[in-house]
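Residue-level structural notes
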Amino acid sequence: MSGMYDEPKLYEGTLKPYPHVERPERGRAKDPVGYLHDVEQRARERQVAYETVKILRQRVIHCYRKEGVNHYENCRKEATDYYNTIIKKDMGQVQPEWSNPEKKDGW
């Protein structure tokens with residue numbers, strides 16, 4: 001019906017860093033096609049990170065509603081998973097290996 005009582009879905013695999021082409025400080029990229037693929041991949045990884053946070057948040061809300069006043073004890077795992085994910089840089093988004101380690105954000 002509404003999907004409220006369905007089991008939450010979460011991807012259980014691990015993602016590995018993708019090949020990365022950095023844009024130079026000035027001018028065009030040396031490999032424009034690779035650079036565009038890199039930008040698209042980063043956008044996909046960011047969206048996966050956002051959706052993972054949404055799923056974890058829904059788990060916390062569902063647990064709080066199900067447990068009621070006992071949610072402090074019974075929802076600790078869900079709340080801890082959600083908290084540990086949102087405090088990570090970029091919410092746990094997979095980052096490439098940057099050639100310049102000081103430039104870790106890439107945006």
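This write-up is about the structure you can find in this document.

Rules and cut-offs
Residues numbered from 1 in each chain as written. Predicted model: local features only at pLDDT ≥ 70, side-chain atom pairs only at ≥ 80, totals over all residues. Heavy atoms only, no water. Helix = DSSP H or I, 4+ residues; strand = E, 2+ residues; numbered from the N terminus. Buried < 20%, exposed > 50% of the residue type's maximum accessible area, 1.4 Å probe, protein only. Areas by Shrake-Rupley, 256 points an atom, 1.4 Å probe, with all protein chains shown as cover. Contact = heavy atoms within 4.5 Å. Disulfide = S-S within 2.5 Å. Salt bridge = Lys/Arg side-chain N within 4 Å of Asp/Glu carboxyl O. Patch = residues over 30% accessible without salt bridge, like charges linked within 9 Å, V, L, I, M, F, W, Y side chains within 5 Å. Axes fitted to C-alpha atoms, helices over the stretch in contact; angles between N-to-C directions. Parallel < 35°, antiparallel > 145°, perpendicular 65-115°, else oblique. Left-handed = near helix turned anticlockwise from the far one by under 90°. Nonpolar A, V, L, I, M, F, W, Y, C, P; charged D, E, K, R; others polar.

1. Re the overall build of the chain
Helices and strands together make up the secondary structure of the chain, namely three helices and zero strands. The secondary structure elements of the chain, listed N-terminal to C-terminal, are α-α-α. Residues classed as buried in the chain amount to 20% of the 107 residues present. Carbon and sulfur atoms provide 53% of the accessible area of the chain, an area that totals close to 8,800 Å².

2. Focus: the side chain of T85
In this structure, T85 sits in helix α3 (residues 76–86). Excluding residues that lie within four positions of it along the chain, T85 makes contacts with V53, L56, M91 and G92.

3. Details of the state of the cysteines
Under the counting rule described, the total for this entry stands at one disulfide. Here C63 engages in a disulfide with C75; their sulfurs sit 1.9 Å apart. Taking the torsion about the S-S bond as the criterion, the C63 to C75 disulfide, at about -95°, is left-handed. With C63 in helix α1 (residues 32–67) and C75 in the loop between α2 (71–74) and α3, this residue pair connects regions lying twelve residues apart in the sequence. The exposure class assigned to C63 is buried, which follows from its relative accessible area of 5%.

4. With respect to the pattern of salt bridges
Under the defined criterion, the tally for this structure stands at two salt bridges. The salt bridge involving D81 is made with K77; its shortest N-O contact spans 2.9 Å. Separated by four residues within a single helix, D81 and K77 lie in helix α3, roughly one turn from each other.

5. Structural notes on a nonpolar patch on the surface
Judged by side-chain polarity, Y83, I86 and I87 come together as a nonpolar surface patch covering roughly 300 Å² of accessible area. With respect to the helices, strands and loops of the structure, I86 is situated in helix α3. Accessibility expressed as a relative area gives 35% for I86, which makes it partly exposed.

6. A look at the packing of α1 against α3
Following both chains from N to C, one finds α1 and α3 inclined at 155°, their axes separated by 9 Å at the closest point. Comparing the axis directions of α1 and α3 gives the class roughly antiparallel. Crossing hand, α1 versus α3: left-handed. Each of V53, L56, R57, R59, V60, C63 and Y64 in α1 lies in contact with α3, whose residues at this interface are E78, A79, D81, Y82, T85 and I86. Considering only residue class, the contact of α1 with α3 consists of eight nonpolar, one polar and four charged.

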